[in-house]
Amino acid sequence: MGFSNDFVWGAATSAYQIEGASSEDGKGLHIWDVYTKEEGKIYEGHTGDIACDHYHRFREDVRQMKEMGLKAYRFSIDWSRVLPEGTGKINEKGIAFYSDLVDALLEAGIEPYITLFHWELPYELYKKGGWMNRDIAEWFGEYAGLISERFSDRVTHFFTLNEPQCFIGLGYLRGENAPGVKAPVRDTFLMAHNALRAHGRGVQMLRQKAKRPIKVGYAPTGPMNYPASQRPEDIEAARAAFFSMPELSNWTWNVAWWSDPVLLGCYPEEGLVRYEKYLPRITEEDMRLISEPIDIYGQNIYNGNCICMGPDGKPRVMERKEGFPRTATNWPVVPECIYWGPKFLYERYHKPIYLTENGISCRDVLSLDGKVHDPGRIDFLNRYLREVKRAVEDGVDIRGYFLWTLMDNFEWASGYSERFGLLYVDFETQERIWKDSAYWYKDVIRTNGENL
């Protein structure tokens, strides 16, 4: 059986991680431009000021994608590049860059998938309260409308927010990512609510300004828990844990708080009870906005916990054995999570799923033979994609897979110390070198996954 003939094989990137040109052609400041200049915040003081210089080299990068056989490319737009102050005056040079990129992709036979927000909040909006300000729903709506107006004549697929779990959780609860704030817990719940309202307004404006029918989605992440065995009680425990509410100190790291409102129209009852004293006022009007119908559901999947049913009848996290396989980021290698995650999501939400990110950081080096040998990445991807294939064969409606990431890039607080790319980037010369995994992935695409 395997993958359908129209299965979408792609790769993903995000604006600040690859573009560079951080102060060129009228681009405004965003929170990462500011945060990376603070001492001690980013690994070895790295910044994304130049990154992969994709802003100037995108045509070369599109040629690499074409040669790899990519069917689609998911990229994000830097809000501050097209609206330097977040609202109001449009920066036509910024629009022109993305327009040229879209045209180059289409010319190469690659379908563009646009993500509106991948963590770069315009600094001018941050100064007005950012996600704390209810008006952000309208600001984001204005931005979404502009993107739809300018690109929906050529682009069909749009995702609103990428990983709100991270940009609220890591940015404002734990303070590890831009803007590096450890906010009161109560504030983070208000920010989360406003982020979801912004998503809803973005959906409305994408559709309102569209030049032709479009597909609108959302791309969260979260812990993809999986059962310790095929026993019904372990599966039930894993499902319960998958949609449960975590401890307050890491409350943003969950699935249901972010996806139930969007797809089911309500926050999960467990969370409403557990977090009651921290919640903002939530109106019926808010919930109608948040649950604006979407067409497709994106999910970023990397890992999760192994769950069994405990003797007390409650889900229990299984401890990992010593020497458990881990990636260079120290994330566990658990291919099962990309089978059970989509399965549980599809059962609950009944939406076509795109795996909008999945990949691995490895300690890649340029070898003496001038090549980059990354057998660990090939093994990881092979294991994970076999599980995707199994989910598809078991009836989960997975439409596409976007490998994270096309090329080594600025990996947020880790700077350039993590390499997730199919293409090795020499950050001094900006040379792109195909890793062994890039050739391997090209073959996966060519055979539509039959070689897995």
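Below is a summary of the structure that appears in this document. All of these numbers come straight from a predicted model, not from anything done at the bench.

### Observations regarding unusual backbone geometry
With an omega of 5°, the peptide bond between Ala178 and Pro179 qualifies as cis. Within the fold, Pro179 resides in the loop between helix H8 (164-173) and helix H9 (185-209). Notably, Trp412 is not glycine yet its phi reads approximately 55°, a positive angle. With respect to the helices and strands, Trp412 occurs in the loop between strand E11 (398-404) and strand E12 (423-426).

### Regarding the sheet that holds strand E9 (residues 315-317)
Across the sheet, three strands lie side by side as E6-E8-E9; this open sheet has mixed pairing. Looking at strand neighbours, the two that pair on one side only are strand E6 (226-227) and E9, the edges of this open sheet. The pairing of strand E8 (residues 306-309) with E9 spans three bridges and is antiparallel. Across the sheet, Met309 pairs through a bridge with Pro315, a residue of E9. In the packing of helix H10 (residues 232-242) onto the sheet, contacts are made with E6, E8 and E9, and the angle to E8 comes to roughly 120°.

### Some points on the sheet that holds strand E7 (residues 296-300)
Pairing within the closed barrel is parallel, and its eight strands lie in the order E1-E2-E3-E4-E5-E7-E10-E11. Each neighbouring strand pair of the sheet contributes to a mean axis angle of 25°, computed without reference to strand direction. Packing of helix H5 (residues 92-107) onto the sheet brings it into contact with strand E2 (72-76) and strand E3 (111-117), and relative to E2 it is tilted by some 170°. Taken strand by strand, helix H16 (residues 436-446) contacts strand E1 (8-12) and E11, and its axis lies near 155° from that of E1.

### Thoughts on the pattern of salt bridges
Overall, the coordinates contain 33 salt bridges when judged by the stated rule. The salt bridge involving Lys27 is made with Asp78; its shortest N-O contact spans 3.6 Å. Of this pair, Lys27 sits in the loop between helix H1 (15-18) and helix H2 (31-35) while Asp78 sits in the loop between E2 and helix H4 (79-82); the two residues are 51 residues apart in sequence, bridging distant segments of the chain. You can call Lys27 buried: its relative accessible area is 9%. Residue classification places Asp78 among the buried residues on the basis of a relative accessible area of 2%. Its salt-bridge partner being Asp260, residue Arg348 comes within 2.8 Å of it at the nearest N-O pair.

### Things to note about the pairing of E8
Bridge analysis of E6 against E8 gives two bridges, and the strand direction is parallel. In the strand pairing of E8, Pro227 is matched with Ile307. Adjacent in sequence and paired antiparallel, E8 and E9 are bridged by five residues, among which Gly313 carries a positive phi angle near 80°.

### Digging into H10
Within the span of H10, buried status applies to Asp234, Ile235, Ala237, Ala238, Ala241 and Phe242. Projected down its long axis, H10 carries its buried residues within an arc of 160°, all on one side. On its buried side, H10 packs onto E6, E8, E9 and helix H14 (337-349).

### Here's the deal with the environment of Gly169
Assignment of secondary structure puts Gly169 in helix H8. For Gly169, a relative accessible area of 2% gives the class buried. Note: C-alpha distance between Gly169 and Gln299 (130 residues apart in sequence) is 17 Å. Ignoring any residue separated from it by four or fewer positions in sequence, one finds Gly169 in contact with Pro164, Arg174, Gly175 and Thr252.

### Looking at the packing of H10 against H14
Relative to each other, H10 and H14 sit at 75°, their axes nearing to 11 Å. One element, H10, and the other, H14, form an angle in the roughly perpendicular class. Mapping the contact onto sequence places Ile235, Ala238, Arg239 and Phe242 in H10 and Trp340, Gly341, Phe344, Leu345 and Glu347 in H14. Here the residues of the contact of H10 with H14 are counted per class, giving six nonpolar, one polar and two charged.

Criteria and cut-off values
The numbering scheme is per chain: residues are counted from 1 as the chain's sequence reads. At least 70 in pLDDT is required for a residue's local features to be given in this predicted model, at least 80 for side-chain atom pairs to be given and counted, and no such filter applies to totals for whole chains, interfaces and linings, which use all residues. Derived side-chain values reflect all non-hydrogen atoms in the structure, with water molecules and hydrogen atoms excluded from consideration. Working definition: helices are DSSP H or I runs of at least four residues, strands are E runs of at least two. Numbering for both runs from the N terminus. Between any two strands, at least two bridges found by DSSP are needed for them to pair. Contacts were defined at the residue level, with two residues in contact if any of their heavy atoms lie within 4.5 Å. Axis definition: a line fitted to C-alpha atoms, over the contacting stretch in the case of helices. Angles run 0 to 180 degrees between N-to-C directions. For this analysis, a salt bridge means a side-chain nitrogen from Lys or Arg found within 4 Å of a carboxyl oxygen belonging to Asp or Glu. Burial here depends on accessible area, computed with a 1.4 Å probe over protein chains only, as a share of the maximum for the residue type. Under 20% is buried, over 50% is exposed, and the range in between is partly exposed. By construction, the arc corresponds to the directions joining the helix axis to the C-beta atoms. Convention used here: angles under 35 degrees read as roughly parallel, angles over 145 as roughly antiparallel, angles from 65 to 115 as roughly perpendicular, and any remaining angle as oblique. Classification used: nonpolar for Ala, Val, Leu, Ile, Met, Phe, Trp, Tyr, Cys and Pro, charged for Asp, Glu, Lys and Arg, polar for all others including Gly.

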